Amino acid sequence: MPYLWDGFQVTLLATLIGFVVAAILGLGIAVIRRSAPRWVSMPVHAAAEFVRLTPMVVQLLFVYALLPGVTALTIGVAVLGVHYSTYMAEVYRAGIEEVPKGQWEAARALSLPPQRTWRAVIIPQVVRNSLPALGNNAVSMLKDTPYLFTITVVELVTEAQRYGAAHFAYLEAFTLAGVFFLVASYPTSVLIRQLEKRLAHG
């Protein structure tokens, strides 16, 4: 348990920081695609699509080789966050499209500047409606943290593998690792379902 707990802490840290990066960057990508001039939005869209459609393992290995002076965990968290930001951008984009046209028209009628319209009118509605999907992305991110072993990050699964190799107890180690993942992801899944029900009735 102590060995796996150390790896679990790394897994949680990577997930939490990666989620914050992904949520903020994804919102920025969605807003740029919706409101920025075409010469800005098109390159951003192309870059996001490239990141979203290429394997995260390849991205991890590429950045790790490109930045040898940066710690593996820092690279892992950054790549995890950037990779998932492209998925969250699609979630936000769908949320933006769901905002009634009357909201935009009311903001224009009140002569609100674009920045205030986004900050005070649009983004609060988008974030509220996107919370369940964002939560699902967080669970997916948690389950993808084992990919960080490719750049020498010792997360939960890698720690379990090491323990299994040292004590010839792979079955026990990987079973406990699975329990750790379940304990972390199940409450989140329950919370997501409750949010979906509340938003559906709200």
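Residues numbered from 1 in each chain as written. Predicted model: local features only at pLDDT ≥ 70, side-chain atom pairs only at ≥ 80, totals over all residues. Heavy atoms only, no water.

Caption draft 1: Here's a closer look at the overall build of the protein. Each helix and strand counted, the protein has eight helices and zero strands in total. Walking the protein from its N terminus toward its C terminus, one meets helices and strands in the order α-α-α-α-α-α-α-α. The principal-axis extent of the C-alpha atoms belonging to the protein is close to 70 × 45 × 20 Å. The contacts of the protein with a sequence gap of at least 6 include a subset with a gap of at least 24, amounting to 77%. With an accessible surface of roughly 11,700 Å², the protein has 67% of that area assigned to carbon and sulfur atoms. Counting 15 positive and 11 negative side-chain charges, the protein places the averaged centre of each group 13 Å from the other. (Helix = DSSP H or I, 4+ residues; strand = E, 2+ residues; numbered from the N terminus. Contact = heavy atoms within 4.5 Å. Areas by Shrake-Rupley, 256 points an atom, 1.4 Å probe, with all protein chains shown as cover. Lys, Arg positive; Asp, Glu negative; His and termini not counted. Charge placed at Lys NZ, Arg CZ, Asp CG, Glu CD.)

Caption draft 2: The arrangement of the side chain of His83 in detail. Positionally, His83 belongs in helix H4 (residues 72–98). A distance of 3.1 Å separates polar atoms of two side chains, one belonging to His83 and the other to Gln59. Filtering out sequence-adjacent residues up to four positions away, His83 remains in contact with Val51, Arg52, Thr54, Met56 and Gln59. (Polar contact = N/O pair within 3.5 Å; in protein donor to acceptor, adjacent residues only side chain to side chain.)

Caption draft 3: Examining the nonpolar core more closely. Membership of the largest hydrophobic core comes to 29 residues, with the highest contact counts inside it found for Met88, Tyr92 and Ile122. Breaking this core down by element, the ones donating at least two residues are helix H1 (2–35), helix H3 (56–66), H4 and helix H6 (114–144). With residues near it in sequence (within four places) discarded, Ile122 still touches Val99, Trp104 and Thr117. One finds Phe8, Leu142, Ala173 and Ala177 within the second-largest nonpolar core, a separate group that totals 10 residues. (Core = buried A, V, L, I, M, F, W, Y, C linked by side-chain atoms within 4.5 Å. Buried < 20%, exposed > 50% of the residue type's maximum accessible area, 1.4 Å probe, protein only.)

Caption draft 4: The arrangement of the environment of Pro43 in detail. Mapped onto the secondary structure, Pro43 falls in helix H2 (residues 38–53). Look at Pro43 and you get partly exposed, because its relative accessible area is 46%.

Caption draft 5: Focus on the packing of H2 against H4. The N-to-C vectors of H2 and H4 enclose an angle of 115 degrees; their axes lie 8 Å apart at closest approach. One element, H2, and the other, H4, form an angle in the roughly perpendicular class. Taken as a pair, H2 and H4 cross one another with a handedness that is left-handed. Contacts between H2 and H4 involve Ala48, Glu49, Val51 and Arg52 from the former and Val82, His83, Thr86, Tyr87 and Glu90 from the latter. Of the residues in the contact of H2 with H4, the class split is four nonpolar, two polar and three charged. (Axes fitted to C-alpha atoms, helices over the stretch in contact; angles between N-to-C directions. Parallel < 35°, antiparallel > 145°, perpendicular 65-115°, else oblique. Left-handed = near helix turned anticlockwise from the far one by under 90°. Nonpolar A, V, L, I, M, F, W, Y, C, P; charged D, E, K, R; others polar.)

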